[in-house]
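# Structure at a glance
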Amino acid sequence: MNIVLLGAPGAGKGTQAEKISMHLQLSHISTGEILRDAVEKKTTLGVKAKSYMDQGDLVPDDIMISLIKEVLPENKDFLLDGFPRTLDQAIALDQSLDKEGKAIHLAINLDVSRELLMVRMEKRGRSDDNRQTIERRLDNYDKQTLPLIEYYKSQGKLKSVDGNQIIGVVENSILELLEAR
Ligand code: AMP
């Protein structure tokens, strides 16, 4: 099963992605992690992505779409954490998978209130987690990423989970919905 994990910055995607991918033996692909690693190593990708990330903006679609095509595993099911983040990314992903006879089977949306997202991100203290960029990332999420919920809903693939609870409770809700499938 190929899964997309949706949710605002601070929703707990990374934490839950690790748990689900371990549970279902999926390749966990975090585009945020790949980009942070590229920035640290100052690769061509890292140099291009850094200024967008520092400002709390999304890295442009053309860069992200070619990146995802490179990192998708050929012979293993996967869980995407942080991709897609725009409609164009979602459409490109579907087209690329379709060419190979593959598909996304499930989109899990971690639903978390804005207040809690702010609290969580301020505690996390990553270099792009200062108040100004946090606000910007949340605004960008509302504008660019939120439409994906409708996109996957219209494909009959969306399941939402209450992400306002503690890690273990959220994990159990996800496992329950996976078992119910
Ligand atoms: P994350 O760890 O998923 O919150 O990602 C950290 C940052 O990397 C984001 O704020 C974006 O600047 C960038 N990024 C990660 N994934 C994507 C994506 N799919 N599209 C555009 N930018 C991304």
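Residues numbered from 1 in each chain as written. Predicted model: local features only at pLDDT ≥ 70, side-chain atom pairs only at ≥ 80, totals over all residues. Heavy atoms only, no water.

Attention now moves to the pairing of strand 4 (residues 106–111). Taken across its six residues, strand 4 has five buried, putting it largely inside the fold. As judged from the five bridges shared by strand 4 and strand 5 (residues 158–162), these two strands associate in the parallel manner. From the neighbouring strand, Asn 109 faces strand 5, where its bridge partner is Ser 160. (Buried < 20%, exposed > 50% of the residue type's maximum accessible area, 1.4 Å probe, protein only. Helix = DSSP H or I, 4+ residues; strand = E, 2+ residues; numbered from the N terminus. Pairing = 2+ DSSP bridges.)

Moving on, we come to the site of the ligand. Close to the ligand lie 15 residues, the nearest being Thr 31, Arg 36, Asp 57, Gly 82 and Gln 89. Within the backbone of Asp 57, an N or O atom sits 2.7 Å from an oxygen atom of the ligand. For the ligand, a nitrogen atom lies 3.0 Å from a polar atom in the side chain of Gln 89. Look at the ligand: alone it shows 480 Å² of surface, and the protein chains cover 96% of it. (Near = heavy atom within 4 Å. Polar contact = N/O pair within 3.5 Å; in protein donor to acceptor, adjacent residues only side chain to side chain. Areas by Shrake-Rupley, 256 points an atom, 1.4 Å probe, with all protein chains shown as cover.)

Okay, the sheet that holds strand 5 next. Spatially, 2-3-1-4-5 is the arrangement adopted by the five strands of the open sheet, whose pairing is parallel. A single partner strand is all that each edge strand has here, and the edge strands are strand 2 (27–30) and strand 5. Ignoring which end each strand starts from, the neighbouring axes of this sheet average 20° apart. Pairing of strand 2 with strand 3 (residues 78–81) involves four bridges; the strand directions are parallel. Its bridge partner being in strand 3, Ile 29 is matched across the sheet by Leu 80. Across the sheet, helix 1 (residues 13–24) is in contact with strand 1 (3–7), strand 2, strand 3 and strand 4; its angle to strand 1 comes to roughly 160°. Packed on one face of the sheet, helix 8 (residues 147–154) meets strand 1, strand 4 and strand 5 and runs near 145° to strand 1. (Axes fitted to C-alpha atoms, helices over the stretch in contact; angles between N-to-C directions. Contact = heavy atoms within 4.5 Å.)

It is worth spelling out the packing of helix 1 against helix 9 (residues 167–179) at this point. For the pair helix 1 and helix 9, interaxial distance at closest approach is 10 Å and the crossing angle is 40°. Between helix 1 and helix 9, the angle is such that the two are oblique. The crossing of helix 1 and helix 9 is right-handed. Residue-level inspection shows Thr 15, Gln 16, Lys 19, Ile 20, His 23 and Leu 24 of helix 1 in contact with helix 9, the latter providing Ile 167, Val 170, Glu 171, Ile 174, Leu 175 and Leu 178. For the contact of helix 1 with helix 9, the residue count by class is seven nonpolar, three polar and two charged. (Parallel < 35°, antiparallel > 145°, perpendicular 65-115°, else oblique. Left-handed = near helix turned anticlockwise from the far one by under 90°. Nonpolar A, V, L, I, M, F, W, Y, C, P; charged D, E, K, R; others polar.)

The next subject is the nonpolar core. Judged by nonpolar contacts, the single largest core of 49 residues is most densely connected at Leu 80, Leu 93, Ile 108, Tyr 152 and Leu 178. Ranked by residues supplied to this core, first place goes to helix 9 with five residues. Ignoring sequence-local partners within four residues, the contact set of Ile 108 consists of Ile 3, Val 4, Leu 5, Leu 6, Ile 20, Lys 159, Val 161, Ile 174 and Leu 178. (Core = buried A, V, L, I, M, F, W, Y, C linked by side-chain atoms within 4.5 Å.)

Another aspect to go through is unusual backbone geometry. Excluding glycine, a negative phi dihedral is what most residues carry, and trans is how most peptide bonds are arranged. Of note, the amide linkage connecting Phe 83 to Pro 84 takes the cis form, showing an omega dihedral of -5°. The topology assignment puts Pro 84 in the loop between strand 3 and helix 5 (87–99). For Lys 42, which is not glycine, the phi torsion reads 55° and is therefore positive. Within the secondary structure layout, Lys 42 lies in the loop between helix 2 (31–41) and helix 3 (44–55).

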